[in-house]
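Residue-level structure breakdown
Spelled out from the first residue to the last, the chains are:
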Amino acid sequence: MAQAPELKLVPTPGQTIGPFYGYALPFEKGGELVNQAHPAAVRLHGVVYDGNGEVIPDSMLEIWQADEHGNVASADGSLVRDGYTFTGWGRVPVDNVGHYTFTTVNPGPTEEGKAPFIMLTVFARGLLNRLFTRIYLPEDTEALANDPLLTSLPEDRRKTLIATREADGSLRFDIRLQGEDETVFLSYPRES
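Residues numbered from 1 in each chain as written. Predicted model: local features only at pLDDT ≥ 70, side-chain atom pairs only at ≥ 80, totals over all residues. Heavy atoms only, no water.

By the naming in an unreviewed UniProt entry, the chain goes by Protocatechuate 3,4-dioxygenase subunit alpha and is assigned to Glutamicibacter soli.

As structure tokens, this is what we get:
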């Protein structure tokens, strides 16, 4: 009896994220990694733009980060929002003008001399898969100048990964999916 040829299966792309997720995936206090009254609380905010410079009102963002001491949370319960537990994870939808806000802390470096950063994931209309990037803090210019990811980029592209510190201490980080000043997005090798 002849054997059927072996088929090689390939992964299928993720589904396009559309406006339908807005009612199901966000959760109460999803953008509040720490309470606003926390002594180290900082606002991380910005706007998500498409390739034409128009705001994207139906996107969703997730962040992952270390705490202010550089410790990566490893306790169970990333959805805990009890006002005391820092989980290092948050998820928010943008508002109707593409603006997002997280209340978090400035992450500390995970190793001595490393540039502190926040991982950011973007889900938006027209994307078959989510996008990954980093948000670096602007202050430690020496650590930024030695960061392996940043130094691998042309100088004019590095600025798309560095937040701006505003007068009130907030971090401003706008996300541009395409076009002029497109945010640098990261790719990770897929497992075969």
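The rest of the description comes next.
**Things to note about the pattern of salt bridges**
Considering all chains together, one arrives at 4 salt bridges under this definition. A salt bridge links Glu139 to Arg165; the shortest N-O distance between them is 2.7 Å. Taken as a pair, Glu139 in the loop between strand E6 (131-136) and helix H1 (141-146) and Arg165 in strand E7 (residues 164-165) lie far apart in primary sequence, 26 residues in all. Judged by its relative accessible area of 25%, Arg165 falls in the partly exposed class. A salt bridge links Asp174 to Arg172; its shortest N-O distance comes to 2.8 Å. (Salt bridge = Lys/Arg side-chain N within 4 Å of Asp/Glu carboxyl O. Helix = DSSP H or I, 4+ residues; strand = E, 2+ residues; numbered from the N terminus. Buried < 20%, exposed > 50% of the residue type's maximum accessible area, 1.4 Å probe, protein only.)

**Focus: the sheet that holds E6**
Taken in spatial order, the 4 strands make up an open sheet running E3-E2-E5-E6, and their pairing is antiparallel. Each edge of the open sheet carries a strand with a single partner, namely strand E3 (89-93) and E6. Neighbour-to-neighbour, the strand axes of this sheet turn through a mean angle of 25°, independent of strand direction. Note that strand E2 (residues 60-65) and E3 share 5 bridges and pair antiparallel. Bridge pairing in E3 places Trp64 opposite Trp89. (Pairing = 2+ DSSP bridges. Axes fitted to C-alpha atoms, helices over the stretch in contact; angles between N-to-C directions.)

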